[in-house]
Amino acid sequence: MRIDPTVEEPTRELFGFAIRSELAEFDEKLRSFGDDITLREALLLAMAVSAMVLNDSAGGHAPTRERLRDTAAILAEIQDDYTLEQDEVYDYLDRCVYGGVPLTTVLPEGAAVTLPFVVAGNLLGSHAEIEKGQQWWDYLDAIEEELEAAPETAEVSDMMRGLRADLRAADRSADRSAERDTPSG
Amino acid sequence: VSELDDLQPRPRRAADVASSAELVDAPGMSLKESLVAERTLTLRSRLRRSRRAGKEPKRRRVSAEVKISAVTAAASIPLAASADHLPPLLSKVVYTSLAVLNAAGVGLNIRAQLKRTAEDADGRAEDEDRPDG
């Protein structure tokens, strides 16, 4: 899985804003994504990072549902500054990250865009072994190296191609609608 | 109020944050609950320290040697039909990729959502600027 630097950089910043509870900056950064493809790839990265942290903390395996439930409860408890709904976090982890169900099927529209970054940020910030000198960004570096070292299977390549083609088609369709809606002259 | 008013989480009231004592001293706690409580304290402490750690640096450049050896290692392993047959590192990565691609790849028109949010916000700002009556 190649990680595009133009996707990685803003995604990393979003994690930082989520960890430091800089909510206005988080909002602003999210709105600054230039196109849907970049934002969607950033969502993919955030979800992959969450899965890697969770797998790592479960000893290298996908966590059980019970463990996911506990993790959701813990994330809802440890965040002092903003609300993380336990059930929403659990549904997101279980159904989207591990179940492959589309984000908007599981989450309300706003949360579908924000929660993946917020959850990944909180997971990184709480699971990096800071007492051993590992900052959350060191942990993120290590995870990204693992992700990039993974072979891209034909199935993944096909899906990525399909995803990008769908997005380009959706963008063209949105642009055509916008042109139709704009009064001429 | 639309859910898309703000693309950020809702602020939490300080009164809703349980103290460490409340977490670990709850009466009648089972062993499992007490393990979760202990983990909660550890993770909360780390998160608070991470919050104070300052702004993140950019991604460290991956050294060519690490990259080549990892790719070489990966290329030498035939991909099995089931991820279970892969070594732990690769199986979790492959599994992760497939699941998240499925989840993020369908039915999410984010750009349209963001546009709509911005338009809603503009509309509200105009309404607020308008004098009453």
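Nothing here was measured: the structure is a model prediction, and the numbers come from that model. (Residues numbered from 1 in each chain as written. Chains lettered and ligands numbered in written order. Predicted model: local features only at pLDDT ≥ 70, side-chain atom pairs only at ≥ 80, totals over all residues. Heavy atoms only, no water.)

Trainee: Pulling in residues and values, what's your account of the overall build of chain B?
Mentor: In terms of regular secondary structure, chain B is built from five helices and zero strands. Along chain B, helices (α) and strands (β) appear in the sequence α-α-α-α-α when read from the amino end. Per-residue burial for chain B yields a buried fraction of 28% across its 133 residues. Split by element, the accessible area of chain B, about 8700 Å² in all, is 55% carbon and sulfur. (Helix = DSSP H or I, 4+ residues; strand = E, 2+ residues; numbered from the N terminus. Buried < 20%, exposed > 50% of the residue type's maximum accessible area, 1.4 Å probe, protein only. Areas by Shrake-Rupley, 256 points an atom, 1.4 Å probe, with all protein chains shown as cover.)

Trainee: Lay out the overall build of chain A with the relevant residues and their values.
Mentor: From N to C terminus, chain A includes nine helices and zero strands. Put simply, chain A has 185 residues, and 58% of those count as buried. Of all intrachain contacts in chain A linking residues separated by at least 6 positions in sequence, the fraction that spans at least 24 positions is 68%. Taken as a whole, chain A presents about 7200 Å² of accessible surface, with 45% of it coming from carbon and sulfur. (Contact = heavy atoms within 4.5 Å.)

Trainee: I'd like a rundown of helix α7 (residues 109–127) of chain A, residues and numbers included.
Mentor: Residues and elements named next belong to chain A. For α7, with 19 residues, the first-to-last C-alpha span of 28 Å sits near the 27 Å given by 1.5 Å per residue. In the structure, α7 departs most strongly from a straight axis at L115, where the bend amounts to approximately 40° and where the proline P116 lies between one and four residues downstream. A large share of α7 lies buried, amounting to 18 of its 19 residues. (Expected span 1.5 Å × (residues − 1). Bend = angle between axes of the 7 residues up to and from the residue.)

Trainee: Pulling in residues and values, what's your account of helix α1 (residues 5–19) of chain A?
Mentor: Residues and elements named next belong to chain A. Taking 1.5 Å per residue as the helical rise, α1 with its 15 residues ought to reach 21 Å, and the 21 Å between its terminal C-alpha atoms agrees with that figure. Of all 15 residues in α1, 12 are buried; the element is thus mostly enclosed. For α1, the full list of buried residues reads V7, E8, P10, T11, R12, E13, L14, F15, G16, F17, A18 and I19. Its side-chain oxygen placed 2.9 Å from the backbone nitrogen of T6, D4 serves as the N-cap of α1. (Polar contact = N/O pair within 3.5 Å; in protein donor to acceptor, adjacent residues only side chain to side chain.)

Trainee: Summarise the packing of aromatic side chains; cite the residues concerned and give the values.
Mentor: Residues and elements named next belong to chain A. For the structure on display, the rule yields one aromatic pair over all chains. Here W136 and W137 contribute two aromatic rings whose centre-to-centre distance is 5.7 Å and whose plane-to-plane angle is 70°, an arrangement assigned as edge-to-face. Across this residue pair, the class does not change: W136 and W137 are buried. Positioned over the ring face of Y90 is R69, at 4.0 Å from the centre of the ring. (Phe/Tyr/Trp six-rings, centres within 6.5 Å; stacked < 30°, edge-to-face > 60°. Lys NZ or Arg CZ within 6 Å of the ring centre and 35° of its normal.)

Trainee: I'd like to hear about unusual backbone geometry, residue by residue, with values.
Mentor: All names here are of chain A. Unusually for a residue other than glycine, S21 sits at a positive phi of about 60°. Inspection of the secondary structure assignment puts S21 in the loop between α1 and α2 (23–31). The exposure class assigned to S21 is buried, which follows from its relative accessible area of 17%.

Trainee: If you had to explain the environment of W136(A) to someone new, which residues and values would you point to?
Mentor: Residue and element names in this part refer to chain A. Within the secondary structure, W136 is located in helix α8 (residues 136–149). By relative accessible area, W136 is classed as buried at 0%. Between the C-alpha atoms of W136 and H61, which are 75 residues apart in sequence, the distance is 21 Å.

Trainee: How would you sum up the nonpolar core? Please name residues and give values.
Mentor: Residues F15(A), L30(A), V49(A), Y92(A), F117(A) and L124(A) are the most contacted members of the largest nonpolar core, which totals 60 residues. For this core, the leading source of residues is helix α3 (residues 36–57) of chain A, giving 12 residues. (Core = buried A, V, L, I, M, F, W, Y, C linked by side-chain atoms within 4.5 Å.)

Trainee: Quick one: what's the story with the packing of helix α4 (residues 65–78) of chain A against helix α2 (residues 31–51) of chain B, residue by residue and with numbers?
Mentor: For the pair α4(A) and α2(B), interaxial distance at closest approach is 9 Å and the crossing angle is 50°. By the criterion of interaxial angle, the relationship of α4(A) to α2(B) is oblique. In the packing of α4(A) onto α2(B), the handedness of the crossing is right-handed. Between α4(A) and α2(B), the contacting residues are E66(A), R67(A), D70(A), I74(A), E77(A) and I78(A) on the first element and K32(B), V36(B), R39(B), T40(B), L43(B), R44(B) and L47(B) on the second. Residues that form the contact of α4(A) with α2(B) fall into these classes: five nonpolar, one polar and seven charged. (Axes fitted to C-alpha atoms, helices over the stretch in contact; angles between N-to-C directions. Parallel < 35°, antiparallel > 145°, perpendicular 65-115°, else oblique. Left-handed = near helix turned anticlockwise from the far one by under 90°. Nonpolar A, V, L, I, M, F, W, Y, C, P; charged D, E, K, R; others polar.)

Trainee: Run through the environment of M29(B), naming residues and quoting values.
Mentor: Residue and element names in this part refer to chain B. Relative to the helices and strands, M29 is located in the loop between α1 (20–24) and α2. Residue classification places M29 among the partly exposed positions, given a relative accessible area of 27%. Non-local contacts of M29, meaning those with residues more than four positions away in its chain, are made with L23, V24, S34 and A37.

Trainee: Describe the pattern of salt bridges, listing the residues and the values that go with them.
Mentor: Any two side chains of opposite charge can pair if their charged atoms end up close together. In this structure the tally under the stated criterion is 22 salt bridges over all chains. Note that D80(A) is salt-bridged to R48(B), the shortest N-O span being 2.7 Å. Of this pair, D80(A) sits in the loop between α4 and α5 (86–97) while R48(B) is found in helix α2, placing the two residues in two different chains. One salt bridge in this structure joins E129(A) and K132(A), with 3.6 Å as the shortest N-O distance. On the basis of relative accessibility, which here comes to 32%, the residue E129(A) falls in the partly exposed class. K132(A) sits in the exposed class, given a relative accessible area of 64%. The network of salt bridges with common partners includes E8(A), R12(A), D138(A), D141(A), E144(A), R59(B) and R60(B). (Salt bridge = Lys/Arg side-chain N within 4 Å of Asp/Glu carboxyl O.)

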